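Remarks on the overall topology
Chain by chain, the residues:
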Amino acid sequence: IVRRAVCPGSFDPVTNGHLDIISRAADLYDEIVVAVLVNKSKSSLFTVEERISLLTEVTQSYGNVRVDYFHGLLVEYCRARQIPVIVKGLRAVSDFDYELQMAQMNRGLAGVDTLFMPTNPEYSFLASSLVKEIATYGGDVSSLLPELVHKRLLERLEEQTR
Ligand code: COD
């Protein structure tokens with residue numbers, strides 16, 4: 001039996017905080033599916049295709065990680081793919097309220113359990129939204145992102161100011 005789990009998110013773009021959780025999850029399970037939420041009502045800096053391509057490149061070395069996307073409810077995706085576990089990173093108590101609510105709802109809805117991993121303290125303040133904001137105003141975010149992602153982020157922000 002293959003032990004599988006999903007790491008879901010927006011990944012706009014993937015940060016070192018996401019990668020920390022994905023790599024640790026990859027050590028615990030046979031296969032990790034990183035699932036990008038397709039949310040048409042939320043504006044994003046990178047398209048779903050771009051986010052998938054970045055994730056694929058930066059997780060390539062793990063061997064047991066693949067990247068996919070989903071629409072709608074995460075538990076429906078889990079059910080269709082027979083994935084019994086969601087892995088989430090917890091940055092701070094502020095994440096906990098909402099994450100606990102989702103975890104209980106997802107278990108109630110479909111029996112899908114959630115595993116919480118404490119974020120590496122190095123990344124406990126890290127969020128894609130903050131990275132984008134800091135980079136927009138010229139701040140240095142190079143230590144928070146994989147090199148390739150950092151490069152694409154600067155390119156994208158540059159394109160936007162043209
Ligand atoms: N360190 C460690 N982990 C981190 C860090 C960090 N610095 N930053 C993010 N993470 C982890 C967290 O576990 C987070 O949940 C995940 O990475 C993804 O983060 P984001 O910001 O890319 O994505 P979110 O928070 O926008 O993703 C939310 C989901 C898409 C998972 C959620 O909204 C969802 O499941 N939506 C589908 C609809 C649904 O099923 N709704 C019902 C829920 S009950």
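Please read these numbers as outputs of a predicted model, since none were measured by experiment. Residue positions are counted from 1 within each chain, in the order its sequence is given. Owing to the predicted nature of the model, reporting of local features is limited to residues with pLDDT of at least 70; listing and counting of side-chain atom pairs is limited to 80 or more, with chain, interface and lining totals taken over all residues. The side-chain quantities take in all heavy atoms of the structure and omit both hydrogens and water.

**Some thoughts on the site of the ligand**
- Residues are counted as near a molecule or strand when any one of their heavy atoms sits within 4 Å of it. Near the ligand there are 23 residues, and of these Ser10, Phe11, Leu74, Gly89 and Leu126 occur at the shortest range.
- Between N or O atoms, a polar contact is any pair within 3.5 Å; within protein, one atom must be a potential hydrogen donor and the other a potential acceptor, and residues adjacent in sequence are included only when both atoms are from side chains. Contact distances for the ligand include 2.7 Å between an oxygen atom and a side-chain N or O atom of serine 10.
- A distance of 3.0 Å separates a nitrogen atom of the ligand from a polar backbone atom of tyrosine 123.
- The Shrake-Rupley method, run with a 1.4 Å probe sphere, supplies the accessible areas, and residue values consider only the shown protein chains as cover. Compared with its free state, where it exposes 890 Å², the ligand has 82% of that area covered by protein.
- Numbering goes from the N terminus for both helices and strands, where a helix is a DSSP run of H or I of at least four residues and a strand is a run of E of at least two. Of all the elements in the fold, those that place two or more residues in the shell around the ligand are β1 (4-9), α1 (16-28), β4 (85-90) and α4 (93-110).
- Per element, the largest residue contribution to the shell around the ligand is four residues, and it comes from α4.
- Looking at side-chain class alone, the shell around the ligand contains eleven nonpolar, eight polar and four charged residues. Residues are grouped as follows: Ala, Val, Leu, Ile, Met, Phe, Trp, Tyr, Cys and Pro are nonpolar; Asp, Glu, Lys and Arg are charged; every other residue, Gly included, is polar.

**A short note on a nonpolar patch on the surface**
- On the surface, Leu73, Met105 and Leu109 cluster together to form a nonpolar patch covering roughly 310 Å² of accessible area.
- Mapped onto the fold, leucine 109 is located in helix α4.
- Here leucine 109 falls in the partly exposed class, since its relative accessible area comes to 48%. For patch building, the residue pool is restricted to those with more than 30% relative accessible area and no salt bridge; the joining distance is 9 Å between like charges and 5 Å between nonpolar side chains (Val, Leu, Ile, Met, Phe, Trp, Tyr). Only one rule defines a salt bridge in this text: a Lys or Arg side-chain nitrogen within 4 Å of an Asp or Glu carboxyl oxygen. Buried, partly exposed and exposed residues are distinguished by accessible area as a fraction of the type maximum, computed with a 1.4 Å probe on protein chains only: under 20%, between the cut-offs, and over 50%, respectively.

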